[in-house]
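Observations on chain architecture
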Amino acid sequence: MYSRIASVRSATAGLLRRSVGLRHSSTQATEYPKTFDKILIANRGEIACRVMRTAKKMGIRTVAVYSDADASAQHVLMADEAVRVGPAPTAQSYLSIPNILDAIQRTGAQAVHPGYGFLSENAHFVEALDKKGVTFIGPSTTSMAAMGDKIESKRIAAEAKVNTIPGFSGEVQNLDHTLAIAKDIGYPLMIKASAGGGGKGMRVVWNEKEVRENFDLIKSEAKASFGDDRLLIERFVDNPRHIEIQIVGDKHGNLVYLPERECSIQRRNQKVIEEAPSVHLDEATRRAMGEQAVALAKRVGYYSAGTVEFLVDPRRNFFFLEMNTRLQVEHPITELVTGYDLVEQMIRVAAGLPLPFTQKDVKIHGHAVESRVYAEDPEKYLPSIGTLSYYTEPTTAEVVTADLAAQKDTAGSIVRCDSGVEEGSEISIYYDPMICKLSTWAPTRAGSLAVMERALDAYVIKGVTHNIPLLREVMTHPRFQKGDISTKFLAEEYPNGFRGHKLQGDSLNEFVAVAAGIQAMRTARDRTFTNYKSGSVSGKAKAETYVLEVTPAGRKSADKAAAAAEKVTRTVQIRSAADGKGFEVAVDSVGQPGKFVPLSLDWTPETPIVRATLAGNPTAIVAQYADPAASLGFKLQHRGTVFNVVARTPAQHALAQHMREKVEPDASTRLVAPMPGSVVSVAVKAGDTVAEGAALVVVEAMKMQNVLRAARVAKVKKVLVTPSQSVAADEVIIEFEPEAAAAPAAAPAKKA
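If you're wondering where the values come from, they're calculated on a predicted model, not measured in any experiment.

This part takes up the overall build of the chain. Along the chain, the regular secondary structure elements total 21 helices and 40 strands. Here the chain holds 752 residues, and 56% of them are scored as buried. In the chain, the proportion of contacts linking residues at least 24 apart, taken out of those at least 6 apart, comes to 67%. By element, 51% of the accessible surface of the chain is carried by carbon and sulfur atoms, the whole surface being about 30400 Å².

This part takes up the pairing of strand E25 (residues 544-552). Here E25 lies mainly inside the structure; eight of its nine residues are buried. In terms of strand pairing, E25 meets strand E26 (residues 568-576) through seven bridges, oriented antiparallel. Across the sheet, residue Glu549 finds its bridge partner in E26, namely Thr569. Inspection of the sheet shows E25 paired to strand E32 (residues 641-648) by six bridges, in the antiparallel sense. Looking at E32, one finds that Val547 is bridged to Arg648.

This model, assessed by the stated rule, comprises zero disulfides. With no disulfide of its own, Cys417 lies 4.2 Å from the sulfur of Cys436, the closest cysteine sulfur. On the basis of relative accessible area, Cys417 is assigned to the buried category, the value being 12%.

It is worth spelling out the nonpolar core at this point. Counting 66 residues, the largest nonpolar core has Ile39, Leu40, Ile100 and Ile104 as its most contacted members. In this structure Ile39 touches Val51, Ala55, Ile60, Arg61, Thr62, Val63, Ala109, Ala111, Ile137 and Ile347, once residues within four positions along its chain are discounted.

The full count for this structure, using the stated rule, is twelve aromatic pairs. Plain terms: the ring middles of Phe511 and Phe643 are 5.3 Å apart, the flat faces sit at 70 degrees to each other, and that makes the pair edge-to-face. One end of the pair, Phe511, is in helix H19 (residues 505-528); the other, Phe643, is in strand E32, and 132 residues separate them in sequence. For Phe643, a relative accessible area of 3% translates into the label buried. Pairing Trp603 with Tyr625 gives two aromatic rings, centres 4.9 Å apart and planes at 50 degrees, and the pair type is tilted. Placement of the pair is Trp603 in the loop between strand E28 (597-602) and strand E29 (609-614) and Tyr625 in strand E30 (residues 621-625), with a sequence separation of 22 residues. The residues Trp603 and Tyr625 share a single accessibility class, namely buried. Cluster of aromatic residues (ring-pair linked, three or more members): Tyr94, Phe118, Tyr430 and Tyr431. Sitting over the face of the ring of Tyr390, Lys462 holds its NZ or CZ atom 5.3 Å from the ring centroid.

Here the focus is the environment of Lys567. Note that Lys567 resides in the loop between helix H20 (560-565) and E26. Assessed through its relative accessible area of 42%, Lys567 is described here as partly exposed. Taking the C-alpha atoms as reference points, Lys567 and Glu549, separated by 18 residues in sequence, lie 6.8 Å from one another. Here Lys567 is in contact with Glu549, Val550 and Thr551, once residues within four sequence places are set aside.

Once that is clear, we can look at helix H12 (residues 342-350). Counting buried positions over the nine residues of H12 gives nine, a clear majority of the element. Listing the buried residues of H12 in full gives Leu342, Val343, Glu344, Gln345, Met346, Ile347, Arg348, Val349 and Ala350. Its side-chain oxygen placed 3.1 Å from the backbone nitrogen of Val343, Asp341 serves as the N-cap of H12.

Read across the open sheet, the four strands follow the order E37-E36-E34-E39; overall the sheet is antiparallel. Of all strands in the sheet, those with a lone pairing partner are strand E37 (704-709) and strand E39 (726-727), marking the two edges. Sheet strands touched by helix H9 (residues 208-226): strand E36 (695-701) and E37. Its angle to E37, the strand with the most contacts, is close to 145 degrees.

For the rest of this paragraph, the subject is the side chain of Gln519. Its location among the elements puts Gln519 in helix H19. A polar contact of 3.0 Å, which involves the side chain of Gln519, links it to the side chain of Arg522. In this view, Gln519 contacts Tyr546, Phe634 and Ala647; residues no more than four positions away in its chain are not counted.

Quick look at the packing of helix H4 (residues 97-107) against helix H5 (residues 123-132) now. Packed helices, taken two at a time, are described by the angle between their axes plus the distance between the axes. Taken N-terminus to C-terminus, the directions of H4 and H5 make an angle of 30 degrees; their axes are 11 Å apart at the nearest point. Our classification of the angle between H4 and H5 gives roughly parallel. Once H4 is placed against H5, the crossing between them reads as right-handed. Across the interface between the two elements, Ile97, Ile100, Leu101 and Ile104 of H4 pack against His124, Phe125, Ala128, Leu129 and Lys132 of H5. Tallied by class, residues from the contact of H4 with H5 come to seven nonpolar, one polar and one charged.

When you line up the elements, Thr722 lands in the loop between strand E38 (714-719) and E39. Spatially, the C-alpha atom of Thr722 lies 6.8 Å from that of Val679, the residues being 43 residues apart in sequence.

On to the sheet that holds strand E27 (residues 583-587). Read once around its circumference, the closed barrel built from eight strands follows the order E25-E26-E27-E28-E29-E30-E31-E32, with strand pairing classed as antiparallel. Each neighbouring strand pair of the sheet contributes to a mean axis angle of 35 degrees, computed without reference to strand direction. Each of E25, E26, E27, E28, E29, E30, strand E31 (633-638) and E32 is contacted by H19, which is oriented at about 140 degrees to E31, the strand it contacts most.

This next bit is on the pattern of salt bridges. Think of it this way: side chains of opposite charge can pair up when their charged atoms draw near. The tally for this structure, following the rule as stated, stands at 54 salt bridges. Note that Arg44 is salt-bridged to Asp70, the shortest N-O span being 2.6 Å. Taken together, the residues Arg44 in the loop between strand E2 (38-41) and helix H2 (45-57) and Asp70 in the loop between strand E3 (61-67) and helix H3 (74-78) connect sequence positions 26 residues apart. We note that Arg44, like Asp70, is buried. Where Glu492 meets Lys488, a salt bridge forms, and the shortest distance between an N and an O atom there is 4.0 Å. When salt bridges with common partners are traced through the structure, they connect Glu244, Arg261, Lys271, Glu274, Glu309, Glu330, Glu370 and Arg372 into a single cluster.

Rules behind the numbers
Note on numbering: residues in each chain are counted from 1, in written sequence order. Under the rules for a predicted model, residues below a pLDDT of 70 receive no local features and side-chain atom pairs below 80 are neither given nor counted, while totals for whole chains, interfaces and linings still include all residues. Water and hydrogen atoms were dropped before computing side-chain values, which therefore reflect all heavy atoms in the structure. Counting from the N terminus, the helices are DSSP H or I runs at least four residues long and the strands are E runs at least two residues long. Exposure classes here rest on a 1.4 Å probe applied to the protein chains alone. A residue is buried below 20% of its type maximum, exposed above 50%, and partly exposed in between. Note on definitions: a residue-residue contact is assigned when non-hydrogen atoms from the two residues lie within 4.5 Å. Per-residue accessibility takes into account occlusion by the displayed protein chains alone, with areas from the Shrake-Rupley method and a 1.4 Å probe. The criterion for strand pairing is that DSSP finds at least two bridges linking the strands in question. Two cysteine sulfurs form what is called a disulfide whenever their separation falls within 2.5 Å. Take the buried Ala, Val, Leu, Ile, Met, Phe, Trp, Tyr and Cys residues and link them wherever side-chain atoms come within 4.5 Å; each set so joined is a nonpolar core. Centre distance within 6.5 Å is the pairing criterion for rings of Phe, Tyr and Trp, where only the six-membered ring of Trp is used; planes under 30 degrees apart are then read as stacked, over 60 as edge-to-face, and the remainder as tilted. Two thresholds decide whether a charge sits over a ring: the Lys NZ or Arg CZ must be within 6 Å of the ring centre and within 35 degrees of the ring normal. Whenever a nitrogen or oxygen atom comes within 3.5 Å of another N or O atom, the pair is scored as a polar contact, on the condition that within protein one atom can donate a hydrogen and the other can accept it, and that pairs from neighbouring residues in sequence are kept only if both atoms are in side chains. Each axis is a line fitted through C-alpha atoms, taken for helices only over the stretch in contact, and angles between the N-to-C directions span 0 to 180 degrees. Any angle that is under 35 degrees is reported as roughly parallel, and any over 145 degrees as roughly antiparallel; angles of 65 to 115 degrees are reported as roughly perpendicular and all others as oblique. Handedness of a helix crossing follows the sense of rotation of the near helix relative to the far helix, less than a right angle counterclockwise being left-handed and clockwise being right-handed. By the convention adopted, Pro, Cys, Tyr, Trp, Phe, Met, Ile, Leu, Val and Ala count as nonpolar, Lys, Arg, Asp and Glu as charged, and the other residues, Gly among them, as polar. Whenever Lys or Arg places a side-chain nitrogen within 4 Å of a carboxyl oxygen from Asp or Glu, that contact is recorded as a salt bridge.

Encoded structure:
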């Protein structure tokens, strides 16, 4: 079905006016040379919207493609034309070359921008475009094929005298071949998809047992993600940094490298936080890496934007990892520190124009950080689906307020959001769970991190679980702030997963004071039915006293004990300030002289954003008020993590100690799906006795396969799912007999 969705164009007019977020533009709007009249973006979500913004800036009409799941998505509404290319599964829509070609023919698009992922590195797609006389906004099929194959690219890199990691130079044949190679090279090893990227189809293995457990999973992920299950093996560089070099070339032989991006904060080999430039590199290493990246690109006649990725050890020795022949997800931070619009350069190059700058023109301006905001549980990195019931992105004006604007490190800062969603958008099982790429720029690294902290605090997302708590915690982690990081950072700092911010010290004092102010305003509102917009307790000088009980929100029944251990109880007195402006608050001061300190609170009751200053500190505290948990409490997000707050008078608190707690059902007799997905395989049947840690079920979600294992020795009572069946989050998959019915000694279930 071909449609021009004219009726909703006006609703997205504001989106088209959003800045791409560059510090300066390489050309003015009236100086864009003639390139194309109409381009089709063979992608979805935030990257499709990103490409459209630059295309429209250059006066180019745009065509969106969409699956049934994306019929009302933002990129569809934003385009001048939109074409349905199939049902929700990617193989039948965004990866269907015939369907994309049909959309091109029906709209008369002259060129195609692939974004990243999907068909962006598919040489067969580019060949098909060439036959149709349609321009591909990217590299040639020759260079794409050479660099897209990880085995071939390592061989070419070695010929170009680029530093490479020791490994097996050919294609892995099977499990036995893999084990033989591992014996020769030695552990640890990286086994990964030859045609892959983005962390999919990739595992680090430390011994023969892990090779046997992961080999089939890696091949399966590679096939599902890239349609190619060939694998390669190389020695794993322990404790490395992941640093990449952005290159841009034209069809006239000009090639330049841009400042590096540090991408070491990763989970499951997928990037979470990136920054530019890297604090680890000196100028000599930066130049050497850039020159090797350019040498490799020249070796294959590369043009357009591309990225050469390296692993860098603590001594700044660097090794070629792979080359991505496309625009990278994290390209915004390069744009922020250079001022060059990379999508614009790709379009110009595809149209045959030369680069408008040379290597000597490239300079580093300030520092930029990008946080990938995902719909996922930050503890176990499991995806979350649902509707964005409330959604507000942070803006420069809202984040860089007077307190930050007055500081040298943050003056003139920029906040940039690259997203493809809005309030009401669906995060579905079919696609990557990324919600947004949130980037900040400031004159210094410290300033960029400070602005990112504030931007994350002001980012309101409801309806799905998200990873903002983790992102916010990393920003203030002492190791990260010092730049002492590697790709193992998250695993080392949060070995059991990130369970949320811990309230202590200044953080605890801030939280309790703000929570007391909120409760005072809620109480005053209830008494007077007036919607106060600034802190007040009806003008009374007499202090109100509350006992606040604070626990982490969102804990499941199995986590209640941990939540109870983290419970914080504080007695707080709060009163209106003598001048009637704001509050004075004293913590844990009942029965003692107590010291009241000023609290200024800017909050309209029941709205999300709470801005406060405490004890005269000029730097604002930004928190988020969530829906009331009960008549005596509410939820408050502080430093990224949501907490339950129960506020009682001292008498109410004393009586509450006599209340019985609700008994939770026994969860040890069930295995539930930790995320929505599709069942790939089931390794057990009713009557089997399984050992602790045995693989039971493999569930695929958003192209990643997750092995669900037994938490204890147990006897299977009933298996409730079959392969290819869809499951919802928390759906019961397997039922077990009570613990007493399990055999004392159990053999592992058959291999998944």
